[in-house]
Protein chains: 2
Amino acid sequence: MIVDVAGAAAALQAADDILILTHRRPDGDTAGCAGALCRGLQQIGKRAYILENPEITRRYAPLIVPYYPPEDFVPAYVVSTDIAEEKLFPDTAEPYKGKVDLVIDHHGSNDGFGKKNLIRPDAGGCAEVLYDVLTALGVKFTADIAECIYIGVSTDTGCFKFSNTTAHSHAVAAACLTAGIDGGEINRVLFETKSRPRFEMERIVFDTMEFHENGAIAVAVLWRRDIDHAGADMDDLDSIASLTRQIEGVQIGITLTEKPDGTVRVSVRTTKEMDAAAICKKVGGGGHVRAAGASFTCGMAEAKAAMLKAAEEQFHAAK
Amino acid sequence: MIVDVAGAAAALQAADDILILTHRRPDGDTAGCAGALCRGLQQIGKRAYILENPEITRRYAPLIVPYYPPEDFVPAYVVSTDIAEEKLFPDTAEPYKGKVDLVIDHHGSNDGFGKKNLIRPDAGGCAEVLYDVLTALGVKFTADIAECIYIGVSTDTGCFKFSNTTAHSHAVAAACLTAGIDGGEINRVLFETKSRPRFEMERIVFDTMEFHENGAIAVAVLWRRDIDHAGADMDDLDSIASLTRQIEGVQIGITLTEKPDGTVRVSVRTTKEMDAAAICKKVGGGGHVRAAGASFTCGMAEAKAAMLKAAEEQFHAAK
């Protein structure tokens, strides 16, 4: 059943003992949505908690970890935030497959796995939808809640830079700043600060980058020994593949990362002229038209040669 | 005389044959302000033009160049946008010193060199002030004007990332997107696209970066031969000094650039723990507390040693 903001708010108003789910590899949006919803529901007198997410990183832990449920909590109503499909549930959410009462999401691919579903693909961050729901619930927009919402919107829109940013995204951000958050400091931590391992990863991407087809194809390589030497974790490798495509003239950016077992993961990013999914399909992978990937069971040299061949074929076919 | 938005709008409404000035080394804000004001004034039937700025770069030229005055234009009313003081006039504006009718600015240091002065230091971008003035003038907010305003606000706030971003900045951005601009594409060009020369400059900054005092001081070096080899211009070197400070743990970031004559220009960027101006003062330079600079007549090795010594002194004094 599809519901609108008022319908979702009414459902939450009628419920209690609410458990909130976040997705695998939690990002700022799922953590921000869950954090804001939980704080808002508690503010209006509900018992509400956020299910443990074992993959939460240090950056977003403060949004959800303080709201993990006590041992004796028995959920009576389950809400998922920013989760496009049940396959993206963390292991801890296994018991709730097929049992979600309310889905709140912004992925167009979401087929509505909840009993009720509020899905708004026009929202840059799912946190924008949460903002509307909390407003409909009459929740006071405190700085604490505003910080969760702001982190959700800003991380999913690349700090209001990506094309998914709308007037509504900016209106929500304005409300967050009015609520008294320190946007400048939040952004400095989220967008302006590179950890030393992240810096080393970027240095290696820059150093290994090779250009082909007169600068239209860029290929960068991250070896496992360098990743381990730098002590880089998932946070440090996040979105590193986008660096290749940022260079003027590059239409196909390829980043090859050696996995701990010596096999290779490839990320492809393209500009509007090229189809990343089509390139990855040639080597058994897939994904979206601008961002796709593939896995190789062979070593780096072979994977790199195969990817370059696939990219060059696509490049010449598109010309 | 200090005026508010209504006062500035009334003055413009009463004027005609209006000439608009931009500042030296024009950035997105001065160009965006001038571009928006000129388009708005023409829309409501005024003769209005923008004074030639010989330093305009390819990136911002489209905002102002089409509005350069015809040869027979005789200005009767002069407006400056985003200019903090007359010293920042381009050479072409020399005849207008002491003759500015209306100053529109957002620099707190502006002492009001116009006959009338609208100065709003709370505005992240001066373009936010222009938005309010155009609204008061009853100008229809077309996509063309919105693009100028958006570029002004977004470039001066680091795409809504810096601490000068306010709820009003976001409200203005929301109005720009509602007017139909393609924010995602504008931002891709302004913030996500590195020219090949810029990429080479960043690669060199990353490669030459040395860390001292357990990572608290970072030093990067740009040699002239590398700058020339990459074909880097002013746009490509813009804000490159901030890269050092983005690395976690760095409190003092030093970037040394070799000038064409072999002398050295130094840029220092600091986090809140350290005083950049104090460091640069030790070697005869100066600036702001977080961003300062100095010039050396000696070569790179000597300049680097002197800067490192000054930074280490300051670092130990501050501990």
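Given the structure is predicted, the values throughout are model-derived calculations rather than measurements. Each chain carries its own residue numbering, running from 1 in the direction its sequence is written. To label them, take the chains in the order written and letter them from A, then take the ligands in the order written and number them from 1. Totals for whole chains, interfaces and linings use all residues, but because this is a predicted model, local features are given only for residues with pLDDT of at least 70 and pairs of side-chain atoms are given and counted only at 80 or more. Calculated side-chain values reflect all of the structure's heavy atoms, with hydrogen atoms and water omitted.

Chemist: Just to check I follow, could you spell out the pairing of strand 4 (residues 102–105) of chain A for this structure?
Modeler: Along any regular strand the residues' side chains alternate between the sheet's two faces. Residues and elements named next belong to chain A. For each residue, the accessible area found with a 1.4 Å probe, counting protein chains only, is set against the maximum for its type, and the residue is called buried under 20%, exposed over 50%, and partly exposed in between. Put simply, DSSP H or I for four residues or longer makes a helix, DSSP E for two residues or longer makes a strand, and each gets a number counted from the N terminus. Along strand 4, one buried face is formed by L102 and I104 and the opposite face, lined by V103 and D105, is buried too. With three bridges joining them, strand 3 (residues 77–81) and strand 4 adopt parallel strand pairing. Bridge assignment links S80 to a residue of strand 4, and that residue is V103. At least two bridges found by DSSP between two strands is the condition for calling them paired.

Chemist: Is there a simple way to think about the relation of the copies chain A and chain B in this case?
Modeler: Both copies of the chain are tied together by a single rotation about an axis and a shift running along it. When the copies are overlaid, the least-squares fit takes in C-alpha atoms only where the residue has pLDDT of at least 70 in both copies. For the match of chain A to chain B, the screw axis carries a shift of 0.1 Å, the RMSD comes to 0.2 Å, and the turn is 180°. Expressed as a symmetry operation, the mapping of one chain copy onto the other fits a two-fold axis. Proximity to the rotation axis, assessed at the C-alpha, singles out H170 of chain A in chain A; its C-alpha lies 2.5 Å from the axis. Both copies contact each other with a shared surface, as 100% of the interface residues of chain A are interface residues in chain B too. Any pair of residues with heavy atoms lying within 4.5 Å of one another is described as a contacting pair.

Chemist: Mind showing me how you'd approach the interface of chain A and chain B here?
Modeler: You'll often see interface size given as the accessible area lost when the parts meet. Facing the 35 residues of chain A at the interface are 35 residues of chain B. Accessible-area loss on putting two parts together, using a 1.4 Å probe and summing over both, is the definition of buried area adopted here. In this assembly, chain A packs against chain B so that about 3400 Å² is buried in total across both faces, 60% of it on carbon and sulfur atoms. Its largest share of buried area at the contact with chain B, chain A owes to K161, F206 and Q246 of chain A, together 20% of the area lost on that side. Salt bridges are defined as contacts in which a side-chain nitrogen from Lys or Arg sits within 4 Å of a carboxyl oxygen from Asp or Glu. At the boundary of chain A with chain B, the tally comes to two salt bridges. Two N or O atoms count as a polar contact when they lie within 3.5 Å, although within protein this holds only if one can serve as hydrogen donor and the other as acceptor, and sequence-adjacent residues are included solely when both atoms are side-chain atoms. At the junction of chain A with chain B, the criterion picks out 13 residue pairs in polar contact (both at pLDDT 80 or more). Counting only elements with at least two residues in the side of chain A that touches chain B, the list comes to helix 6 (167–178), helix 7 (183–192) and helix 8 (196–208) of chain A. The element best represented in the side of chain A that touches chain B is helix 6 of chain A, accounting for seven residues. Looking at the side of chain A that touches chain B, its residues break down into 15 nonpolar, twelve polar and eight charged. Side-chain classes follow a simple rule in which Ala, Val, Leu, Ile, Met, Phe, Trp, Tyr, Cys and Pro form the nonpolar group, Asp, Glu, Lys and Arg form the charged group, and the remainder, Gly included, forms the polar group.

Chemist: In this structure, what is going on with helix 7 of chain A? I would like to understand it.
Modeler: Because the α-helix completes a turn every 3.6 residues, residues three or four places apart line up on one side. Residues and elements named next belong to chain A. Taken as a whole, helix 7 has its buried residues at G183, G184, I186, N187 and L190. Along the axis of helix 7, the buried residues cluster in a sector spanning 155°; they form a single face. In this structure, the buried side of helix 7 is in contact with helix 5 (143–156) and helix 6. Each C-beta atom gives one direction from the helix axis, and the arc is the one those directions make.

Geometric values such as these leave the question of function open.
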